[in-house]
Amino acid sequence: MSEEINESGEGVEKVEDGARHAMKMAKKKVAREKIMATKTDEKGLIIVHTGKGKGKSTAGFGMIFRHIAHGKPSAVVQFIKGAWQTGERDLIEAHFSDLCQFYTLGEGFTWETQDRARDVAMAEKAWEKAKELIRDERNSMVLLDEINIALRYDYITVAEVVRFLAEEKPPMTHVVLTGRNAKEELIEIADLVTEMELVKHPFRSGIKAQIGVEY
């Protein structure tokens, strides 16, 4: 025993605490391994990132970059943020265009365009491209960035999106859908749903969107 034991027995207590912790972790490891042994299936997931908190698109792009790192082909369709020159788009187009197709088919938020017919036309065009990319089984993952906004304003119908994902998505293709206010019908068919909760946001303190944080 490397630790010297004082009169209060402090060293003994630390050794006992360490032994109890080791036993507890060993039991947890055995239980965890039993659970993991039952998880043998693989499938293409429908993944939804929604909620009022920041980070929905960021999480989606994190998955895209993970695919790129593994050399797996993927694709991105941006439904709303077309007016923004984002770091993710710049990086992918400059260095990873061979692994990730990138389509920006939105023209900004609806209060900026102020033209519903044009917004609907652009959203429908983005959805047609999304379906094309999803049908292509070479793409392991397709990110539909801010599609939930287009669904919220009924630029495209949630019934059509749900039907397509349920009936035409290839079995091993992952589809990630981002944006706040995800429709219940979409949440119902999703395999993984994460809701970002807003606790604090710098915008409320008068701080504007910044390079490297928001875009």
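Residues numbered from 1 in each chain as written. Predicted model: local features only at pLDDT ≥ 70, side-chain atom pairs only at ≥ 80, totals over all residues. Heavy atoms only, no water.

Q: What should I look at first to understand the environment of glycine 179 in this one?
A: The topology assignment puts glycine 179 in the loop between strand E5 (174–178) and helix H8 (184–189). Sequence-wise, glycine 179 and methionine 196 are 17 residues apart; in three dimensions their C-alpha atoms are separated by 10.0 Å. Here glycine 179 is in contact with His49, Thr50, Gly51, Lys56, Glu146 and Asn148, once residues within four sequence places are set aside. (Helix = DSSP H or I, 4+ residues; strand = E, 2+ residues; numbered from the N terminus. Contact = heavy atoms within 4.5 Å.)

Q: What is the right way to read the pattern of salt bridges from this model?
A: When the charged atoms of two side chains lie near each other, side chains of opposite charge can form a pair. Taken as a whole and assessed by the stated rule, the structure comprises ten salt bridges. With a shortest N-O distance of 3.2 Å, glutamate 132 and lysine 129 are connected by a salt bridge. Here glutamate 132 and its partner lysine 129 are both found in helix H5 (residues 116–135), three residues apart, which amounts to about one turn of the helix. Across the pair aspartate 154 and lysine 183 runs a salt bridge, and its minimum N-O distance is 3.8 Å. Pair noted here: aspartate 154 is in the loop between helix H6 (147–152) and helix H7 (158–167) and lysine 183 is in the loop between E5 and H8, with a separation of 29 residues, a long-range link. On the accessibility criterion, aspartate 154 (49% relative accessible area) is partly exposed. For lysine 183, a relative accessible area of 24% puts it in the partly exposed group. Among the charged side chains, a network of salt bridges with common partners joins Glu128, Lys131, Arg135, Glu160, Arg163, Glu167 and Glu168. (Salt bridge = Lys/Arg side-chain N within 4 Å of Asp/Glu carboxyl O. Buried < 20%, exposed > 50% of the residue type's maximum accessible area, 1.4 Å probe, protein only.)

Q: Explanation requested: helix H2 (residues 56–69) in the structure shown.
A: Note: α-helices contain 3.6 residues per turn, so residues at a spacing of three or four share the same orientation. Given a rise of 1.5 Å per residue, 14 residues ought to cover 20 Å, and the 20 Å separating the end C-alpha atoms of H2 matches this to within 8%. With its phi angle positive at about 70°, glycine 71 sits one or two positions after the end of H2. (Expected span 1.5 Å × (residues − 1).)

Q: I'm lost on the packing of H2 against helix H3 (residues 87–95) in this one. Help?
A: Describing two packed helices takes the angle between their axes plus the distance from one axis to the other. Close contact between H2 and H3 brings their axes to 12 Å; oriented N to C, the two are set at 15°. Taken together, the axes of H2 and H3 lie roughly parallel to each other. Handedness of the crossing formed by H2 with H3: left-handed. Judged by residue contacts, Phe61, Ile64, Phe65 and Ile68 of H2 engage Glu88, Leu91 and Ile92 from H3. Here the contact of H2 with H3 is composed, by residue class, of six nonpolar, no polar and one charged. (Axes fitted to C-alpha atoms, helices over the stretch in contact; angles between N-to-C directions. Parallel < 35°, antiparallel > 145°, perpendicular 65-115°, else oblique. Left-handed = near helix turned anticlockwise from the far one by under 90°. Nonpolar A, V, L, I, M, F, W, Y, C, P; charged D, E, K, R; others polar.)

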